[in-house]
Amino acid sequence: MTEQAGGWSLRVVDSYDEVASIAADAVTETVARVPDAAITLPTGSTPIGMYEELVRRVRAGEIDLNHAHIFTLDEYLGQRPDDVASLTRWLFETFLTPAGIPDTNIHLVPAAADDPEAAAAAYEADLAVHGGLELAVLGLGPNGHIAFNEPGSPPDSRTRVLDLEPGTIRQSEEYWKGDTAVPHRAMTLGLGTILEARRIVLIVSGASKSEIVRASLEGPQTLDVPASWLRNVGSRLEVVLDRAAASGLSDTAG
Ligand code: PGA
């Protein structure tokens, strides 16, 4: 692990499995210290290994997630948790149900609300009642998005509705293997909301992300690369990369 100039830490590991287990460790440590912690967790390909490991730990009695409060990161606008292309449905199937998270402790980004703006403000208020985010585990979008905070998202943005970029829509359609049309708008936890988390763990895997990893960690801080703002939070940020994802960095000593 190397500490970077801004005080955040970079860890480059040999394999995807190590990325997954380090991310699972962050969740495990968080709930051991703060059992009722508010935690947000990502969807996508990158966190699948983390979820497998967390479910294994739950079944082995190595972690107790019964009191943690899970706040979802993002969802396509208008999608309900049982819709085919719902990220929430994916998270239930992959993690929330197999890990036995009590329904009362699951907080869903209100993407299907009649009044999304009011519901987004209520979601922020609910998070505040639970003390704000103790932990945010994040993936990195090919365009540098964090959750669905697309390029142009200000670093102080709150939970809101926004338009998805064409590349993100394509990425999503590929993820659902073309089975379903993906809405072109989404609701996301705000970048500013995420940046307030007391611990942020960014996990990235694979050579296809090496250029956006470089732009995020070594390029200028810019609205064009939302992840570049993560570097503002000092030691609250930990970046965990496999060697392929780190291959574009000038210093990959991990
Ligand atoms: P991925 O998605 O893990 O499927 O690459 C990351 C993201 O777009 O945030």
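This text follows the structure it describes.
Computed from a prediction, not measured in an experiment: that's the story for all the values here. (Residues numbered from 1 in each chain as written. Predicted model: local features only at pLDDT ≥ 70, side-chain atom pairs only at ≥ 80, totals over all residues. Heavy atoms only, no water.)

## Overview of the packing of helix α1 (residues 16-33) against helix α2 (residues 48-59)
Axis separation between α1 and α2 bottoms out at 8 Å; the angle between their running directions is 55°. One finds that α1 runs oblique with respect to α2. Note that α1 runs across α2; the crossing there is right-handed. Residues Tyr16, Ala20, Ser21, Ala23, Ala24, Asp25, Val27 and Thr28 of α1 touch α2, and the partners they reach there are Ile48, Gly49, Met50, Glu53, Leu54 and Arg57. For the contact of α1 with α2, the class distribution of residues is eight nonpolar, three polar and three charged. (Axes fitted to C-alpha atoms, helices over the stretch in contact; angles between N-to-C directions. Helix = DSSP H or I, 4+ residues; strand = E, 2+ residues; numbered from the N terminus. Parallel < 35°, antiparallel > 145°, perpendicular 65-115°, else oblique. Left-handed = near helix turned anticlockwise from the far one by under 90°. Contact = heavy atoms within 4.5 Å. Nonpolar A, V, L, I, M, F, W, Y, C, P; charged D, E, K, R; others polar.)

## Some points on the pattern of salt bridges
All told, the structure shown has 14 salt bridges when counted by the stated rule. Taking the shortest distance from any N to any O, the salt bridge between arginine 185 and aspartate 163 comes out at 3.0 Å. Highlighted residues: arginine 185 in strand β9 (residues 185-188) and aspartate 163 in strand β8 (residues 160-163), separated in sequence by 22 residues. Assessed through its relative accessible area of 40%, arginine 185 is described here as partly exposed. Among the salt bridges present, the one from glutamate 238 reaches arginine 199, with a minimum N-O distance of 2.7 Å. (Salt bridge = Lys/Arg side-chain N within 4 Å of Asp/Glu carboxyl O. Buried < 20%, exposed > 50% of the residue type's maximum accessible area, 1.4 Å probe, protein only.)

## A few points about the site of the ligand
By nearness alone, every residue bordering the ligand is listed as Gly44, Ser45, Thr46, Gly139, Leu140, Gly141, His145, Gln171 and Lys209. The contact in question runs from an oxygen atom of the ligand to an N or O atom on the backbone of serine 45, over 2.8 Å. Within the side chain of lysine 209, an N or O atom sits 2.7 Å from an oxygen atom of the ligand. If the ligand stood free it would expose 280 Å²; the protein chains cover 85% of that surface. Its residues assigned to classes, the shell around the ligand comprises one nonpolar, seven polar and one charged. (Near = heavy atom within 4 Å. Polar contact = N/O pair within 3.5 Å; in protein donor to acceptor, adjacent residues only side chain to side chain. Areas by Shrake-Rupley, 256 points an atom, 1.4 Å probe, with all protein chains shown as cover.)

## Topic: the sheet that holds β8
A sheet is described by the order of its strands in space; here three strands give the open sequence β5-β9-β8, paired in antiparallel fashion. This sheet does not close on itself; its edge strands, each paired only once, are β5 (74-76) and β8. Averaged over all adjacent pairs, the angle separating strand axes in this sheet is 25°, with direction ignored. Note: β5 against β9, three bridges, orientation antiparallel. Pairing of aspartate 74 across the sheet is with threonine 188, part of β9. (Pairing = 2+ DSSP bridges.)

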